[in-house]
Protein chains: 2
Amino acid sequence: MNNKKTKTVVTAQDVADLAGVSRSAVSRTFTENGSISEQTKAKVLRAAEQLGYQVNFLAQGLNRRRSQLIGVVVAHLSDPFRSSLLEALLSEIKSRGYQALVTEVRKDDDLEDTLRRFTQYRVSGVVVTSGQPPEALVEECLQLSIPVVGINRAINLSKVDVVCSDNQKGAQLAAQQLMSAGCQTIGWLNYKDSTWSGVDRGEHFKAALHDWNQQPAHQLINIKTEQNCYEGARAAAHQLVASGQQVDGVFCATALMACGFLDGMREQGKHAPEDFHLIGFDNTPLTSQYSYQLTTIDHSVKETAEKVLWCLESRANNPELAQRQEQVAVSLLTRHTSP
Amino acid sequence: MNNKKTKTVVTAQDVADLAGVSRSAVSRTFTENGSISEQTKAKVLRAAEQLGYQVNFLAQGLNRRRSQLIGVVVAHLSDPFRSSLLEALLSEIKSRGYQALVTEVRKDDDLEDTLRRFTQYRVSGVVVTSGQPPEALVEECLQLSIPVVGINRAINLSKVDVVCSDNQKGAQLAAQQLMSAGCQTIGWLNYKDSTWSGVDRGEHFKAALHDWNQQPAHQLINIKTEQNCYEGARAAAHQLVASGQQVDGVFCATALMACGFLDGMREQGKHAPEDFHLIGFDNTPLTSQYSYQLTTIDHSVKETAEKVLWCLESRANNPELAQRQEQVAVSLLTRHTSP
DNA sequence: TTGAAAGCGATACCAT
DNA sequence: ATGGTATCGCTTTCAA
């Protein structure tokens, strides 16, 4: 019998002792390409099993200067698109053997502290789904060779990869759909302080409308919302109707705002698709519900998450790569609001 | 000029050297009750600032046998209630100076691996919002003095605290509302394999109805859904109508299912509150939207998160405490589906 | 392949 | 209050 007291935590040394090998052998057993014989490996595994040994990730990370953690920056989880994106990221992160360190940011200032804390845990990568990371901080990350990737945002820093839905294609699909439905007065709805992604969608949308008809028979109306959410768009619909303007086709920067706009119009007795056509960007569970049945531009969060992890891993091996812009395929999902 | 080469990462030793003090002094500077003079502290802070020193949390955690991480187990983020709960938890975790390690579980088996990985990072606590943690694993956590707390679930393990909405009060409020609206045939809708929380709400609901009227003039109908989501409840509504059964009041175990049921009934031409009254449990953004305006039982996710963290921290100081059951206050939020 | 030993970066005990 | 030092648990040369 060994003389262990109230030792609560099993270390590699304990396993080594029981298996009659060195600590190094234990470490090698739990490392991918550790050069170790099948025999000793088996012995170690048996001992480890018996003792219930678990690698201490803190010690491992300290030594390797890198943890198996991936930092994720999120915001506004109340938007169904954002929560489904997070869900996809969590799933992908786990399936690749990492763990997610998730932080919510409210103000842009939060982002700095957040990024700093991520580096203090020596994360293997950072995913930014909200906010603009300050250049200096990103530099710090890269110096520690921590890859950074942004989702659906322009980041004008070389070496920071970006994964983004194909906004041009999405806008074209929307324009095409509205035009062929015969819409004459078309609205583009977006948050007044929209991030780049929304702005980009809008510009491509206008360009697409223009391309469709060089002497535009249609008129374009900009609808700006005060808030970037359901309520903001609903209020915008109220204002629009109050102003007496007519629209027969509307494209919204996000699906949640499209639902808000739809409801706002309903309150005024105007319905889609009878009175106007409506298309939103982002396909979320909410949009498919019976009360909305929104026609949307669909882009897969799963594909997004996969590309994000791909960027992270490929850059980890090769930090000097130039910035990459990964596009996520989009498609038009025809539902009730624009059949 | 100092002779540092391509040294990329600043350590406490570097700061100590620059400030002309010992490593210990640096450590004390960044520790709460470190006994250190204002003078040296100032010197250290200046040097740290100058060098951009950041504590390495991996090393700190290794030494303290405890990281500033809190593990959070989630599932089905597509349910708005779950994502808003997560949002509240993230916010509370951050404001208390921790970082959230978030993992999504799908099958119950996942929970075991997840919990194990949490312990490998020596988390300061574990929050279970989904699934039943296996007793053995929880034992392991407690052995490492990692407090575990469950949300809205019964965990029959002593020393695992539980934070739960006041289901009894909620059920009573719902029953009272439906009865005083004059409902005669009342439905209770729940997922067929519901977790304890749903079952508990149902039992209290039945008890409350019974208490209201000893010789019940009303009839109770159990509506079971095949899936624990919007679609499940919508399908249940279809079935209910097809079966020819009539209800004039329905209470749903979750708000998301209430919305699904509402839509399912609408498809059959039945509307609330004209044809039946409807109340859901959980107040989420979705329920307040114009297309639903659901009367719900509200319970604050913020209060929930605060109580969770309180449980975690108090048990950390005192691991031997008996299990605690924290109740979160509920209230009836009267909206359109049962005015 | 294997083991011994030198870190990784910070903390805490023990003298001073 | 301060500094020296053992220690946390694991990884990784370096020899053998």
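Keep in mind the model is a prediction, meaning the values are calculated, not measured. (Residues numbered from 1 in each chain as written. Chains lettered and ligands numbered in written order. Predicted model: local features only at pLDDT ≥ 70, side-chain atom pairs only at ≥ 80, totals over all residues. Heavy atoms only, no water.)

Peer 1: Explanation requested: the side chain of threonine 304 of chain B in the structure shown.
Peer 2: Residues and elements named next belong to chain B. Looking at the element boundaries, threonine 304 is found in helix α13 (residues 301–317). For threonine 304, a relative accessible area of 6% translates into the label buried. Apart from the residues lying within four places of it in its own chain, the contact partners of threonine 304 are Leu85, Ile151, Val163 and Val328. (Helix = DSSP H or I, 4+ residues; strand = E, 2+ residues; numbered from the N terminus. Buried < 20%, exposed > 50% of the residue type's maximum accessible area, 1.4 Å probe, protein only. Contact = heavy atoms within 4.5 Å.)

Peer 1: So what exactly am I meant to see when it comes to the relation of the copies chain A and chain B here?
Peer 2: Copies of the same chain, two in number, are related to each other by a rotation about an axis and a translation along it. Placing chain A over chain B gives an RMSD of 0.1 Å and needs a rotation angle of 180°, together with 0.0 Å of translation along the axis. When the rotation and shift are considered jointly, the pair of chain copies conforms to a two-fold rotation axis. Interface residue correspondence from chain A to chain B reaches 100%, placing this contact among same-surface, isologous pairings. (Least-squares fit on C-alpha atoms with pLDDT ≥ 70 in both.)

Peer 1: What should I look at first to understand the protein's contact with DNA strand D in this one?
Peer 2: Near DNA strand D you find 28 residues, and of these Ala12, Tyr53 and Asn63 of chain A together with Arg28 and Thr40 of chain B are the closest. In the model, a base oxygen of DNA strand D is placed 3.3 Å from a nitrogen or oxygen of the serine 24 of chain A side chain. Within the side chain of arginine 23 of chain B, an N or O atom sits 3.4 Å from a base nitrogen of DNA strand D. Listing elements by their share of the surface near DNA strand D, those giving two or more residues are α2 (23–29) and α4 (57–64) of chain A together with α2 (23–29) and α4 (57–64) of chain B. Classifying every residue of the surface near DNA strand D by side-chain character gives 9 nonpolar, 13 polar and 6 charged. (Near = heavy atom within 4 Å. Polar contact = N/O pair within 3.5 Å; in protein donor to acceptor, adjacent residues only side chain to side chain. Nonpolar A, V, L, I, M, F, W, Y, C, P; charged D, E, K, R; others polar.)

Peer 1: In this structure, what is going on with the protein's contact with DNA strand C? I would like to understand it.
Peer 2: The environment of DNA strand C is formed by 29 residues, the closest being Arg28, Thr40 and Asn63 of chain A together with Ala12 and Ser27 of chain B. Among atoms of DNA strand C positioned within 4 Å of the protein, sugar and phosphate together represent 54%. Take serine 22 of chain A: an N or O atom from its side chain is 3.2 Å from a phosphate oxygen of DNA strand C. Contact distances for DNA strand C include 2.5 Å between a phosphate oxygen and a backbone N or O atom of alanine 12 of chain B. Secondary-structure elements contributing two or more residues to the surface near DNA strand C are α2 and α4 of chain A together with α2 and α4 of chain B. With 5 residues, α4 of chain B is the single largest residue contributor to the surface near DNA strand C.

Peer 1: Where do I start with the pattern of salt bridges in this structure?
Peer 2: Proximity of charged atoms lets side chains of opposite charge pair with each other. This structure, assessed with the given rule, holds 34 salt bridges over all chains. Linking arginine 324 of chain A and aspartate 161 of chain A is a salt bridge whose minimum nitrogen-to-oxygen distance equals 2.8 Å. With arginine 324 of chain A in the loop between α13 (301–317) and β11 (325–328) and aspartate 161 of chain A in strand β5 (residues 161–165), the pair connects residues that are 163 residues apart, well separated along the chain. Since its relative accessible area comes to 14%, arginine 324 of chain A is described here as buried. Residue classification places aspartate 161 of chain A among the buried residues on the basis of a relative accessible area of 1%. Residue arginine 96 of chain B is joined to glutamate 313 of chain B by a salt bridge in which the shortest nitrogen-to-oxygen separation is 2.7 Å. One end of the pair, arginine 96 of chain B, is in the loop between α5 (80–95) and β2 (99–104); the other, glutamate 313 of chain B, is in helix α13, and 217 residues separate them in sequence. When its relative accessible area of 31% is taken as the criterion, arginine 96 of chain B is described as partly exposed. Ionic contacts of the salt-bridge type, sharing partners, join the residues Glu92, Arg96 and Glu313 of chain A into one network. (Salt bridge = Lys/Arg side-chain N within 4 Å of Asp/Glu carboxyl O.)

Peer 1: Before we go on, may I ask you to explain the state of the cysteines in this structure?
Peer 2: In protein structure, a disulfide is the covalent linkage between the sulfur atoms of two cysteines. Residue and element names in this part refer to chain A. In this structure the tally under the stated criterion is 0 disulfides over all chains. The thiol of cysteine 141 is unpaired, and the distance to the nearest cysteine sulfur, on cysteine 311, comes to 16 Å. Cysteine cysteine 229 remains unbridged, with the sulfur of cysteine 259 as its closest cysteine sulfur at 12 Å. Residue class for cysteine 229 comes out partly exposed when judged on its relative accessible area of 23%. (Disulfide = S-S within 2.5 Å.)

Peer 1: Help me understand the domain arrangement of chain A, please; the structure alone is not making it clear to me.
Peer 2: For an interface, size is often stated in terms of accessible area lost upon the parts coming together. All names here are of chain A. Domain annotation for chain A reports domain 1 (12–55), domain 2 (69–164 + 301–327) and domain 3 (167–299). Summarising the inter-unit geometry, the C-alpha centres of domain 2 and domain 3 are found 29 Å apart. Where domain 2 abuts domain 3, roughly 900 Å² becomes buried across the two surfaces, and 63% of that area is made up of carbon and sulfur atoms. Taken as a group, Pro80, Phe81 and Asn152 account for 44% of the area that domain 2 buries against domain 3, more than any other trio of residues on that side. Among the residues making up the side of domain 2 that touches domain 3, the classes are represented as 5 nonpolar, 1 polar and 2 charged. (Domains from an automatic or database assignment. Buried area = accessible area lost by both parts, 1.4 Å probe.)

Peer 1: How should I be thinking about the environment of serine 22 of chain A in this particular structure?
Peer 2: In this fold, serine 22 of chain A is placed in the loop between α1 (12–19) and α2. Sequence separation of serine 22 of chain A and alanine 12 of chain A is 10 residues, and the distance between their C-alpha atoms is 9.0 Å.

Peer 1: Mind showing me how you'd approach the environment of alanine 253 of chain A here?
Peer 2: Note that alanine 253 of chain A resides in the loop between β8 (249–252) and α11 (255–267). Alanine 253 of chain A sits 59 residues away from serine 194 of chain A along the chain, and the two C-alpha atoms are 9.0 Å apart.

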